[in-house]
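Structural characterization, general
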Amino acid sequence: MNLLTKASRSGEVTQRERDNLQIAYEAACEGIVLLKNDGALPFKTKKVALYGPGAAMTIKGGTGSGEVNERHSVTVLEGLQDRGFEITTTPWIDGYERFYAEAEKAYKIEKRKRINLLKMDSIMNMLFDNFRYPAGPMVTEADVEQSGTDACIYVLSRQAGEGCDRRLEKGDYYLTEEEETQIRFCAEHYASFVLVINCGSAVDMSVIDSIPGINAVLYICQLGTEGGHAVADVISGEVSPSGKLSDTWAKKYEEIPFAMDYSFLNGNLKDEYYKEGIYVGYRYFDSFRIEPAYPFGFGLCYTDFTIRSGGVSLKGTKVTVRADVQNIGDTYSGREVAQVYVTAPEGQIHKPWQSLAAFAKTDILAPGQRQQLEMTFDIRTMCSYREYDSCFVLEQGEYIVRLGNSSRNTAAVGVIYAERDIIVSRNQSICAGFDLEELKAPKRKDEKLDPGLPYLLLNCDSIPTIEFTYDEPAEDPDPRVQKILSSLSLNEMVDVLVGNGMFGGETRFNLPGSVGNTTSKFWDRGLANVALCDGPAGLRIQKRSTVDEKGRVKPVELALSIFNSFPEFIKKFMVGDPEKDTVLYQYTTAFPVATALAQTWNQDLMYRVGDAIYREMKEYGCTYWLAPAVNIHRNPLCGRNFEYFSEDPVLTGKMAAAITRGVQQEEGFYVTVKHFAANNQEEERNRVSSNLSERALREIYLRPFELAVRDGGAKGIMTSYNKVNGIYASNSYDLCTKALRNEWGFEGVVMTDWFSTNKGLASNALCIKAGNDLIMPGGGYFKKEILQGVKSGLIEEKDVRISCSRVIRAILDSATQREYIG
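These notes cover the structure that comes with them. (Residues numbered from 1 in each chain as written. Predicted model: local features only at pLDDT ≥ 70, side-chain atom pairs only at ≥ 80, totals over all residues. Heavy atoms only, no water.)

For G171, the location among the structural elements is in the loop between β4 (151–157) and α6 (177–189). Through-space distance from the C-alpha of G171 to that of P134 is 8.4 Å; in sequence the pair is 37 residues apart. Look past the residues within four positions of G171 in its chain and what remains in contact with it is R132, R158 and T176. (Helix = DSSP H or I, 4+ residues; strand = E, 2+ residues; numbered from the N terminus. Contact = heavy atoms within 4.5 Å.)

Shown next, in the form of structure tokens:
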């Protein structure tokens, strides 16, 4: 068997796997948000009635490229049983499994009718709807009597995924009538009733809030492989919940700005107009004084805390806020998150009422214990983009610093005063914005501040204006790069720039389950091929593969859940025979989805998650991890919200930067921050244009990418499928070069999303001209279009050389290159 791979011949559980499971467990525990509790939690009994679609079929993560092929994920049922709970409703759970099997069978039959295996678009379109869990058999008086307990848990589950947005209908955003009936029944018949919400983003809470008898609500999101254990430990009180929402939950969907214009709802899938501008999430609800169901940053604990200001100081442009946090409960330990917001002055530029500036999480504090937290931010990050002269500006006036534990529970703790306008940076305009009639916040009510607050004067004269230059990029000058580059013809350079294909294609180094590879053609010239693997809830590769005597590799389990809908004869052809051929093993960890990770509000933990993923990349030979994903939660119906962190760009960017630092701790292992940019819906994602002002683009939608690059040092970026103001993101010089390289100093590789440059979509040639270096997953059409672009004069050979030099440099610095070529 002549196969170059790092996959293991043993399927035994390794110490690395155990270590990563522990990190996944900690992240799951900290990502759970307690939305409501009248004292029912933690349970005082271990005898529990368990119902609901997610009881034994708990959803660990969303579908599509964000799936992870882990060894096993613990369900809520399994977690409770492992922690010593007696589950007294196994007949109902067994009956539900039969309901589920029948519904899933019907779903697969219907899905097969729409498959054309000869067309890639047809296969990709299989992503466009997700299996909806049935409510299952009705809970009856007999079920209650036989359960023999007053403690009940109902797990409500929703699935979403790549390619399709969620639906504003019963069974998705809204409860079905059957679910409502079951929840009402359980709430009436059990003295301690807990509703657990197992969904990657918000659901409608209006009906739930109207049902009497719901004693507690836990939002567990989708918690990955250790989710069941985490839920059980929160239910028992072994762990006190410390998660905080990373989004605002509206009382009614219609209260979200321009809610009925989102995605498919208005019938226009060609143009999406971001008429809310910068007023996304809490920036809207707080500025327009609309009461949410649950505010951004909210989450309860089993104990109570006080957060008091320990002082605000200013050194240069750095503001430091100290918070004294104390556990004032008498029974339970717990953790609290201190959050700092800033209210910028009303000037010529309208602004949200407040914006998140910094945050920190305490250690576990015992009753009576206190801890001082220190949070620092740069006041320049509170600037606003002034479109008429393309400048970021700190306007004259008072910048009120607020401290609290959610966006709706803060107090002013200090004031920073700028005596005049300060131009923070002069930029060139990018992505010429549409002339939209955007929202503007109403005039604020007068606020009387405590005259004893620290009042700090900003030295305006000491803050220089950043003057960006927009020089055209040059080839990488590294002598190693130039040596290989000089040996390549134009056609060969294009081979380097275009991936080796998603299905098939010869690869010298083989990582089973990688979603793409660079070319293997130039090993004899000292250039390895490197593997690219999906994320962001972990490293998605094949957990078991077979290798036959000719060295051909096939999966044992299908790589994506959508493939389970293929006809049986096709699936049989796709998979290998573990009884006949050599088996390779690659067990990775399914971490909580990004939304749940963001709900931890714990940057140190995010570094550890990144470190865990780095160890798996190193073990199996992955060079590019296609994550983290940092698109903004503009609307709760976005099908891929579970893959993204938050509605807030600062929380998103800081969590992504921490993960990035963990992954990239050793040279040659790269993140690929995606989807760049303004990719906030899944419907018609290959053709829709996100139309928005330059201010909204820069302040909200580009900010997380900037933080991942500047603070995290990200070495890879993936452009999105969509257009931005009429130009495909991958064809946008403004995005790929002006913003990314000229302003933020990015020095890595930019790649396309998979198949985003298929015929009729973005131009492969213009990708290279824009600064989008790597075309994925690759194929003959992509290469042909680039070469034709050079021949026609659409692009120049120097454009090809520049992008080729970047890809070569990244490969030469990779661990795969070091290990196999040197």
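The three strands lie next to each other as β27-β29-β32, forming an open sheet whose pairing is parallel. Only two strands of the sheet have a single partner each, and these edge strands are β27 (673–676) and β32 (749–751). When strand polarity is set aside, the average angle formed by the axes of neighbouring strands in this sheet is 25°. Pairing geometry for β27 and strand β29 (residues 716–719), over two bridges, is parallel. Residue pairing for β29: V673 is matched across the bridge by I717. Sheet contacts for helix α17 (residues 703–710): β27 and β29; angle to β27, the most-contacted strand, approximately 150°. (Pairing = 2+ DSSP bridges. Axes fitted to C-alpha atoms, helices over the stretch in contact; angles between N-to-C directions.)

Quick look at the packing of helix α11 (residues 490–497) against helix α20 (residues 780–792) now. Two elements in contact, α11 and α20, have axes whose closest approach is 10 Å; the angle formed by their N-to-C orientations is 135°. The orientation of α11 with respect to α20, classified from their angle, is oblique. The two elements α11 and α20 meet at a crossing, and its hand is right-handed. In this structure, α11 uses L490, N491, V494 and D495 to contact α20, whose residues at the interface are K783, I786, L787 and V790. Partitioned by chemical class, the residues of the contact of α11 with α20 number five nonpolar, one polar and two charged. (Parallel < 35°, antiparallel > 145°, perpendicular 65-115°, else oblique. Left-handed = near helix turned anticlockwise from the far one by under 90°. Nonpolar A, V, L, I, M, F, W, Y, C, P; charged D, E, K, R; others polar.)

So, about the pattern of salt bridges. Taken as a whole and judged by the stated rule, the model has 60 salt bridges. We note a salt bridge from E492 to R525, for which the minimum N-O separation is 2.6 Å. Of the two residues, E492 is situated in helix α11 and R525 in the loop between β20 (516–517) and β21 (531–534); the sequence distance between them amounts to 33 residues. Classification of R525 as partly exposed rests on a relative accessible area of 32%. (Salt bridge = Lys/Arg side-chain N within 4 Å of Asp/Glu carboxyl O. Buried < 20%, exposed > 50% of the residue type's maximum accessible area, 1.4 Å probe, protein only.)

Attention shifts here to the sheet that holds β21. Strand order across the open sheet formed by four strands is β20-β21-β25-β26, with mixed pairing between neighbours. Here the strands that pair on one side only, and so sit at the sheet edges, are β20 and β26 (670–671). Pairing of strand β25 (residues 622–626) with β26 involves two bridges; the strand directions are parallel. By the bridge assignment, Y624 is partnered in β26 with Y670.

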